[in-house]
Structures are given as C-alpha cells and as structure tokens.
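# Fold and contact review
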Amino acid sequence: SRSDDFTVAMETVTAWAWGPLSFLTFLAFLRHHPARYVLQLLSSLGQLYGDVLYFATEARAGWSHSDPRPFYFWGYFVGLNGLWVLVPAALLADACRRLADAQRALDRPRHKAH
C-alpha cells in the first residue's frame, strides 16, 4: 500500500542519512567542532520533517492505523510520539539561538587598535 511504501522510504532515509548525521552531530559536540550547531540544526530539522510527514500521513488516512480508544490515542500516539516533536523542536531552537548569537558577535563593529 501507499502507506507501506512511505514507511519504507522514510525509514531508508532515516537509516542512511539521519542516523549517521545524528552520530556525526554527537561526535561534533564531543570534540567542540565549530559546525556542531549547524549539524544540530540539520538533524533536528530532519527529525521534525519526518514527524510532520508521519502525523500528516496518518491524518490523511483518517487515523485508521491508530487505536481510537482515548488513552491509547492521546497517551501513546500523541503523547509518546509527541516527544519526537518536542525534543527536536527544543534542539532546533537552541541551535538557532546559538548560531544567531555567533552571527551577532561577528557583526559587531570592531575597534581598531592604535
């Protein structure tokens, strides 16, 4: 089915792109690499994109793959899957703030030494 094809395609991208990128981001933070916040931004954005596609695909299918019982739907489907939205969103905001701070520092006029 179309949903199965989507899942296979998304998980392939996750396995071959987002997984290694996340590991590279982890290493960049361990080594205080200058690109660490750029990598954090990219991996967080990729995770959020996958989350949007996951929820949008399920919504378009009329929530047919989700248990309609309120506890399951809100507790498991929305609540636990929501963590996969909240954590990358917080990391994306952090990366944007750090990168903006760095750019602000570079944009400050420098005083010439006499």
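Cut-off values and rules
- Residues numbered from 1 in each chain as written.
- Predicted model: local features only at pLDDT ≥ 70, side-chain atom pairs only at ≥ 80, totals over all residues.
- Heavy atoms only, no water.
- Helix = DSSP H or I, 4+ residues; strand = E, 2+ residues; numbered from the N terminus.
- Contact = heavy atoms within 4.5 Å.
- Buried < 20%, exposed > 50% of the residue type's maximum accessible area, 1.4 Å probe, protein only.
- Expected span 1.5 Å × (residues − 1).
- Bend = angle between axes of the 7 residues up to and from the residue.

So, about the environment of Leu48. Its location among the elements puts Leu48 in helix 2 (residues 36-60). C-alpha of Leu48 to C-alpha of Thr25: the two residues are 23 residues apart in sequence and 16 Å apart in space. What Leu48 contacts, discounting residues up to four positions off in sequence, is Val85, Pro88, Ala89 and Leu92.

Phi angles above zero are rare outside glycine, and His32 is one such case at about 55 degrees. Relative to the helices and strands, His32 resides in the loop between helix 1 (2-30) and helix 2. Phi at Trp63 is positive, roughly 60 degrees, even though this residue is not glycine. Judged by its relative accessible area of 36%, Trp63 falls in the partly exposed class.

This brings us to helix 3 (residues 70-107). When the terminal C-alpha atoms of helix 3 are compared, their 51 Å separation across 38 residues agrees well with the 56 Å that a helix rising 1.5 Å per residue should span. Along its length, helix 3 reaches its greatest deviation from straightness, about 30 degrees, at Leu83. Along helix 3, the residues that are buried comprise Phe73, Phe77, Asn81, Gly82, Pro88, Leu92, Asp94 and Ala95. Summarising the contacts, the buried residues of helix 3 are in contact with helix 2.

Further remarks concern helix 2. Here helix 2 is 25 residues long and its end C-alpha atoms lie 36 Å apart, about the 36 Å a rise of 1.5 Å per residue gives. Backbone geometry just downstream of helix 2 places Gly62 in the positive-phi region, at approximately 75 degrees.

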